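Summary of structural features
Chain residues, written in single-letter form:
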Amino acid sequence: QAEAAAKEIRAIATEFQQVKARIKAASPRYAELTQPQPLKLSQIQRQTLDGDTMLLEYALMQERSYLWAVTPASIESYELPRRAEIEAAARRVYDLMTARNYRKDDETDEQRRARIDQADAQCLEAAAALSQMLLAPVASQLGTKRLLIVTQGALQLIQFAALPEPKSGGAGERESGKARINPQSAIRNPQSFVPLIVNHEIINLPSASSLGALRRELGGRRPAPKTLAALADPVFSEDDERVRTRASGVERKNSKPDYSERKSSRDLKMALRDFGADGGGASLTRLF
């Protein structure tokens, strides 16, 4: 039975490689973006970085994790806590940041507001602690650089732009004069919470090699003549006051509308799943 299973696995793996080869042959541009050829260090430094840009790449491992900080002229490696510790901290920050997207069973409006207020307060401290865990080793090097960030696992749930500047006692921080905080001061003085986005452009990438492929793809493209900014406030609830009946066009504010022809509950569940909020009474709140 083991030999039969191994044979089947080999056959499936071979078929998978054949499918990837056919994709590459049929659409080389798509294949280059989804299956980029790994770049060497010198290529990453030459093709994706400049003097104002730093690449931060994280590898989460069972016993210990690692951070590589790459600039056009250097690469440095730092040891971080083990994967379980980092992912637990990241998931806590994510849960606190998304607390308002959920409504617990039998929860009153007052209880929900109290829970969200508590989550907001705890989020400051949790985010500061995560920032220290992930960024403290390179705090003195960050300056105002553009940060290219490659993560894995639960770190992909985190918006690094919302994390505060890490605290560092090195000479680099004293020279920069930036306001950096520690986890406890985030609770005592929320105004000291300075998100990374204030001083840095943050770019999240699946890999450094994918950025090289994107730049080659866009290298010869003419810039668009105009810039378009779009802000959307979509309907994600059947009892949203903006939902109108198909026939009359009249708002149904106080009763649940007939939604069967406009958007099924299956569509909503798929949207919530893609948003990472499926289950547990999750909902997507309107934009302010």
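Residues numbered from 1 in each chain as written. Predicted model: local features only at pLDDT ≥ 70, side-chain atom pairs only at ≥ 80, totals over all residues. Heavy atoms only, no water.

**A short note on the overall build of the chain**
The helix and strand tally for the chain stands at eleven helices and five strands. Split into buried and exposed, the 288 residues of the chain put 31% on the buried side. Taking the contacts inside the chain whose residues are at least 6 apart along the sequence as the reference set, 63% of them involve residues at least 24 apart. About 18500 Å² of surface is accessible on the chain, with carbon and sulfur atoms providing 51% of the total. (Helix = DSSP H or I, 4+ residues; strand = E, 2+ residues; numbered from the N terminus. Buried < 20%, exposed > 50% of the residue type's maximum accessible area, 1.4 Å probe, protein only. Contact = heavy atoms within 4.5 Å. Areas by Shrake-Rupley, 256 points an atom, 1.4 Å probe, with all protein chains shown as cover.)

**Considerations on helix H4 (residues 83-97)**
Across its 15 residues, H4 extends 21 Å between first and last C-alpha, which sits within 8% of the 21 Å expected from 1.5 Å per residue. Taken together, the buried positions of H4 are occupied by Ile86, Glu87, Ala90, Val93, Tyr94 and Leu96. (Expected span 1.5 Å × (residues − 1).)

**Let's talk about the pairing of strand S2 (residues 65-71)**
Burial analysis of S2 places five of its seven residues in the buried class, which makes it a mostly covered element. Inspection of the sheet shows strand S1 (residues 53-59) paired to S2 by five bridges, in the antiparallel sense. In the sheet register, Leu56 faces S2, and the bridge partner there is Ala69. Taking the residues between adjacent antiparallel strands as the criterion, S1 and S2 are bridged by five residues. With seven bridges connecting them, S2 and strand S3 (residues 74-80) associate as antiparallel partners. (Pairing = 2+ DSSP bridges.)

**Thoughts on the nonpolar core**
By size, the foremost hydrophobic cluster in this structure holds 36 residues, and its most contacted members are Leu56, Tyr58, Leu134, Ile158 and Phe160. Only S1, S2, S3, H4, helix H5 (109-135) and strand S4 (146-150) provide two or more residues apiece to this core. Of the residues forming this core, the biggest block, nine residues, is contributed by H5. (Core = buried A, V, L, I, M, F, W, Y, C linked by side-chain atoms within 4.5 Å.)

**Section: the sheet that holds strand S5 (residues 202-205)**
Ordered by their spatial adjacency, five strands build an open sheet running S3-S2-S1-S4-S5, and the pairing between neighbours is mixed. Single-partner strands in this sheet number two, and they are S3 and S5. The mean angle between the axes of side-by-side strands here comes to 20 degrees, regardless of whether they run parallel or antiparallel. (Axes fitted to C-alpha atoms, helices over the stretch in contact; angles between N-to-C directions.)

**Comments concerning the side chain of Ser131**
Summarising the element assignment, Ser131 is placed in helix H5. Overall, Ser131 belongs to the buried group, its relative accessible area being 0%. Not counting the four nearest positions on each side in its chain, Ser131 is found in contact with Ala136, Leu163, Pro164, Glu165 and Pro166.

**As for the packing of H4 against H5**
It is at 9 Å that the axes of H4 and H5 come closest, and there the two elements cross at 150 degrees. Between H4 and H5, the interaxial angle falls into the category roughly antiparallel. Between H4 and H5 lies a crossing of left-handed hand. Mapping the contact onto sequence places Glu85, Ile86, Ala89, Ala90, Arg92, Val93, Leu96 and Met97 in H4 and Ala119, Gln122, Cys123, Ala126, Ala127, Leu130, Met133 and Leu134 in H5. A per-class count over the contact of H4 with H5 returns 13 nonpolar, one polar and two charged. (Parallel < 35°, antiparallel > 145°, perpendicular 65-115°, else oblique. Left-handed = near helix turned anticlockwise from the far one by under 90°. Nonpolar A, V, L, I, M, F, W, Y, C, P; charged D, E, K, R; others polar.)

**Describing a nonpolar patch on the surface**
Where nonpolar side chains cluster on the molecular surface, the patch consists of Val19, Ile23 and Tyr30 and spans about 240 Å² of accessible area. The topology assignment puts Tyr30 in helix H2 (residues 28-34). (Patch = residues over 30% accessible without salt bridge, like charges linked within 9 Å, V, L, I, M, F, W, Y side chains within 5 Å. Salt bridge = Lys/Arg side-chain N within 4 Å of Asp/Glu carboxyl O.)

**Describing the pairing of S4**
For S4, the tally of buried residues reaches four of five residues, placing the bulk of the element in the interior. Taken together, the five bridges between S1 and S4 define a ladder with parallel strand orientation. Looking at the pairing, Leu55 lines up with Leu148 of S4. The pairing of S4 with S5 spans four bridges and is parallel. If you follow Val150 over to S5, its bridge partner there is Leu205.

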